[in-house]
Amino acid sequence: MSLRFAAGLLVSVLAAPASAMEFNDKPTTEQAAFFEKKIRPALVEHCYKCHSADADKLKGGLALDTREGVREGGDGGAVVLPGSPDKSPLIKAVRYLDATTKMPPKGKLPDAVVADFERWVAMGAPDPRTEAGGRKAVEKPAPIDIEKGRSHWSFQPPKAKSAPAVKDAAWATSEVDRFVLAALETKGLKPVGDADARTLIRRAYLDLTGLPPTADEVESFAADRAPDAFEKVVDRLLASPRFGERWGRHWLDVARFAETTGKTTNFNYPHAWRYRDYVIAAFNADKPFDQFVKEQLAGDLLPGGDPTTKAERTVATGFLAVGPKALNARNGLQCLMDLLDEQSDLTTQAFLGLTVACARCHDHKFDPIPTRDYYALAGVFKSTETCYGTVRFVQSQRPSALVTLPQGSAQASITTKLTDAERAAAEKNIAELQVKLREGDIIARLLTSAQLALARSKLDLYEKDGTPKLLAMGAREGFRPANSPVYARGEVDKPGEVVPRGVVRVVGTNQPVIRSGSGRKELAEWIASKDNPLTARVMVNRVWLHVFGRGLVATPDNFGVGGAPPTHPELLDRLAVSFADGGWSVKTLVRTLVLSHAYRLSSKHDAANVEADPDNTLLWRATPRRVEAEVLRDSILAVSGQLDAKPPVGSPVAAAGEGPSNRPRLGPAGGVRPDAETPFRSIYLPVVRDNLPESLALFDGADPSLIVADRPTTNVPSQGLFLLNNPFVLKASDAVADTLLKETTTDSERVRAAYLKFYGRPPVEKELIVADAFLAEYRKVAAKGGPPAAGPPRGPFGGRGPGGFGRPFGGGQTPVRGEREVWSAFAQALFASAEFQYRR
């Protein structure tokens, strides 16, 4: 960086207003990993030469090799304004907006890297580096001692200790309860009372199926006095196909499932839906988790099986293929190494709870993982061909093949047989485009070339006889095994020692030896082994998180030194051993946890317990939490009677086909109906990177470009506005109103029916009074044909009575009179209420 850049920074800083956001000092696991994977490597490769302790001269007084240096800025002042990318001089520099402040000066960063920096600043510039600040060089770290590193608790084999004795033996109904109660008694705490039957059944339905129970189901359970009443409900829910849709979504969050490439050019993955359906089916069938691991990493290499089984296993390897891709990358080797990095990071975080990708540029800062181990693992994926498809196109210069599944393998197809006339028309269109391509000018040829690529891709979906090909994303063995060199500081133009393919050495002592092939099969078997100290622990913790709202290890993707220690270490180990020894059954594990007494606790507040354990880490009560985006949307569909529970075949993205992912292609002409008109469960909505459906994006749906184990929960005005004005909610409210008017005759009957439908309970007296006031005021104002009087009564619904829910006077709509509108507004109030949005 030149002195002119430093001067430019000063001018920019003086002109920039103060940031409204503080630096992110408590990054989430995902944010810390984002820095280590995206930001630190870019700083090392492009900035450290002039802006680090190793620089011959620190240019502009700006040090970027420490957290403190980034925050202090340079001679010209701050370079990062957290939360404000557009106002940050650093971002202006890497965007090359000003000739005097270009960074780096010798060439603009790739668009994807610039986008990473923008995203980093937007999230508050999280920086997990802890090295000393100032301008002094940091001492070179000592070589990693692998053997010593194995002393960390998570690298030790789990031990199944007996459940401890407890004082209140009658309270504990299982081993899980004794571990939980023992921890509470150690702190002098007592659990609160049990949840009532109506709360409990709603909790179980939402947790196990992601859908609320019907009023009849609630009433039936509330009246059942049999000692095994709850057990029967749980078993029925575990056997429901809705279970796989609910729990499959949890895994898709981890697997960063999406149907487009993302990055700077977003292209469709028309065949990604097969992997989604595989995951749902695996959870419904209670596929043993060790087999689930093997199939996703090396399903194509597993022996035996009929054509259907072979096809299923091949589809499973879509796990390695559905991640984000930079299809316009100029450097082929850089593109490849980024792909290997993404696969290595996914595999180790998802199954082992380790951030191995942090060792791409340097030895891991916290865990005993040397860079050599990172590149040993990368060699496994370097020897693998990743088949993700996409078409060669403008800004898509790195397509790949797809995997062809055997005909007769019971795999669904979204297309019908191509007739001879249709093939002739397609071939004629291709021939005409070829002529047009030869005759056009440059701009016309670019457009024609894109049209030709799409036309060919459509025809390539069929065999010569017109039979649709069964294609899938996945992985298969590469043309030849290829070990990887260790690239100095992760820079692909600085290869060093070539290391043999292998695994992370600190994890266990039974390391596989890879003698031939890619090594994926050996890797999969090593991860899925009962001897691996991490695999069972990590999955048990994921299941615990989704049952209780918080993992026994609060950092579910980081079981390393930098992660959180377990709150109940002996319980975690006991469950891990039982999980592996018992056949790796996820349903059995879920059943064990849901049938525990700890799960049945109420969410009642207790002042003494809050004082001693404010975060409820010891499980003295059930922690209330807002339902996930998919559960909220699906609940709205279910309560309004609009839900189509039959799974669709394929995906809207599959219907749109190959090519760039944009709204016109994913609009009605491309086969996609708007969210408000899509009656299927949310897991079947199109997952377009950087363009999620509004109902998911607003309510903290998982970012499909990241590995997400524990979603954040935000509370922002746009969520309330969605519930007030979005056509999806308005349509559902109308449907509820129609049902209430059809099935009941009086106000009191309708209010009671609505409460049972929405909350699974009848209204209390106070709520009946407020509801009567709401209805009376709404009718009075509607009869006048004007807006409500100032200060309408507030109710328990989260709004301001008439006109506060988008109808008939909200959202700029024309006033509409009638009982349907009255009850639709009432239903919308219930949709917007906290009780509907929270699982208690």
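The structure presented is a predicted model; accordingly, all values stated were derived computationally and were not measured.

Draft legend 1. Expanded view of a nonpolar patch on the surface. A cluster of nonpolar side chains, contributed by Val-394, Ile-442, Ile-443 and Leu-446, occupies part of the molecular surface with about 440 Å² of accessible area. Inspection of the secondary structure puts Ile-443 in helix 18 (residues 442-459). In this structure Ile-443 comes out as exposed when scored by relative accessible area, which is 69%.

Draft legend 2. Spatial organisation of the pattern of salt bridges. One pass over the full model with this rule turns up 49 salt bridges. Residue Glu-231 is joined to Arg-591 by a salt bridge in which the shortest nitrogen-to-oxygen separation is 2.7 Å. One end of the pair, Glu-231, is in helix 10 (residues 229-239); the other, Arg-591, is in helix 22 (residues 586-594), and 360 residues separate them in sequence. Where Arg-249 meets Asp-253, a salt bridge forms, and the shortest distance between an N and an O atom there is 2.9 Å. In this pair, Arg-249 and Asp-253 are both assigned in helix 11 (residues 241-254), 4 residues apart and thus about one turn of the helix distant. The residues Arg-249 and Asp-253 share a single accessibility class, namely buried. If you follow the salt bridges from partner to partner, you end up with Arg-242, Glu-245, Arg-633, Asp-634 and Arg-681 in one network.

Draft legend 3. The packing of aromatic side chains, seen in detail. Applying the stated criterion across every chain yields a total of 32 aromatic pairs. Between Phe-283 and Phe-292, the ring centres sit 5.6 Å apart and the planes meet at 75°, which makes this aromatic pair edge-to-face. As far as the burial class goes, Phe-283 and Phe-292 line up, both buried. Lying across the ring of Tyr-388, Lys-325 places its NZ or CZ 5.1 Å from the centre.

Draft legend 4. Region of interest: the environment of Ala-378. Within the fold, Ala-378 resides in helix 16 (residues 371-382). For the pair formed by Ala-378 and Gly-562, sequence separation is 184 residues and the distance between their alpha carbons is 23 Å. Beyond its immediate stretch of four places on either side in the chain, Ala-378 contacts Leu-340 and Ser-344.

Draft legend 5. Layout of helix 20 (residues 535-548). The first and last C-alpha atoms of helix 20 sit 20 Å apart over 14 residues, in line with the 20 Å expected at 1.5 Å per residue. Counting buried positions over the 14 residues of helix 20 gives 14, a clear majority of the element. Of the residues one or two after helix 20, Gly-549 is the one with positive phi, at around 95°.

Draft legend 6. Molecular detail of the packing of helix 13 (residues 289-298) against helix 14 (residues 307-316). Contact geometry of helix 13 with helix 14 gives a least axis separation of 6 Å together with a crossing angle of 75°. The orientation of helix 13 with respect to helix 14, classified from their angle, is roughly perpendicular. Taking contact as the criterion, the partners of Gln-291, Glu-295 and Gln-296 in helix 13 are, on helix 14, Glu-312, Arg-313 and Ala-316. Looking at the contact of helix 13 with helix 14, its residues break down into 1 nonpolar, 2 polar and 3 charged.

Draft legend 7. A look at the environment of Pro-164. Note that Pro-164 resides in the loop between helix 6 (146-149) and helix 7 (175-186). When the C-alpha positions of Pro-164 and Arg-178 are compared, they lie 6.2 Å apart, and in sequence the two are 14 residues distant. Excluding residues within four positions of it along the chain, Pro-164 makes contact with Arg-178, Phe-179 and Ala-182.

Draft legend 8. Representation of the nonpolar core within the structure. Of all hydrophobic cores here, the largest spans 139 residues; its most connected members are Trp-251, Phe-289, Phe-319 and Trp-544. Top element by residues in this core is helix 20. It accounts for 8 residues. Every residue in contact with Phe-319, bar those within four places of it in the chain, is listed here: Trp-251, Ala-255, Arg-256, Tyr-275, Gln-296, Leu-297, Leu-346, Thr-347, Ala-350 and Phe-351. Among the nonpolar cores identified, the runner-up in size contains 38 residues, and Leu-685, Phe-722, Phe-728 and Val-822 belong to it.

Draft legend 9. Geometry of the packing of helix 8 (residues 197-208) against helix 9 (residues 215-223). One way to put it is that helix 8 packs onto helix 9 with a least axis distance of 9 Å and a crossing angle of 130°. Taken together, helix 8 and helix 9 sit at an angle that is classed as oblique. In this structure, the crossing between helix 8 and helix 9 has a hand that is right-handed. Seen from helix 8, the contacting residues are Ala-197, Arg-198, Leu-200, Ile-201 and Tyr-205; seen from helix 9, they are Glu-217, Val-218, Glu-219, Phe-221 and Ala-222.

Draft legend 10. Spatial organisation of unusual backbone geometry. Note that the residue after Met-103, namely Pro-104, is joined by a cis bond; omega there is -10°. In this structure, Pro-104 sits in the loop between helix 4 (89-94) and helix 5 (111-122). Residue Asp-690 is not a glycine yet carries a positive backbone phi of 70°. Inspection of the secondary structure assignment puts Asp-690 in the loop between helix 25 (652-656) and helix 26 (694-697).

Rules used in this analysis
Residues numbered from 1 in each chain as written. Predicted model: local features only at pLDDT ≥ 70, side-chain atom pairs only at ≥ 80, totals over all residues. Heavy atoms only, no water. Patch = residues over 30% accessible without salt bridge, like charges linked within 9 Å, V, L, I, M, F, W, Y side chains within 5 Å. Areas by Shrake-Rupley, 256 points an atom, 1.4 Å probe, with all protein chains shown as cover. Salt bridge = Lys/Arg side-chain N within 4 Å of Asp/Glu carboxyl O. Helix = DSSP H or I, 4+ residues; strand = E, 2+ residues; numbered from the N terminus. Buried < 20%, exposed > 50% of the residue type's maximum accessible area, 1.4 Å probe, protein only. Phe/Tyr/Trp six-rings, centres within 6.5 Å; stacked < 30°, edge-to-face > 60°. Lys NZ or Arg CZ within 6 Å of the ring centre and 35° of its normal. Contact = heavy atoms within 4.5 Å. Expected span 1.5 Å × (residues − 1). Axes fitted to C-alpha atoms, helices over the stretch in contact; angles between N-to-C directions. Parallel < 35°, antiparallel > 145°, perpendicular 65-115°, else oblique. Nonpolar A, V, L, I, M, F, W, Y, C, P; charged D, E, K, R; others polar. Core = buried A, V, L, I, M, F, W, Y, C linked by side-chain atoms within 4.5 Å. Left-handed = near helix turned anticlockwise from the far one by under 90°.

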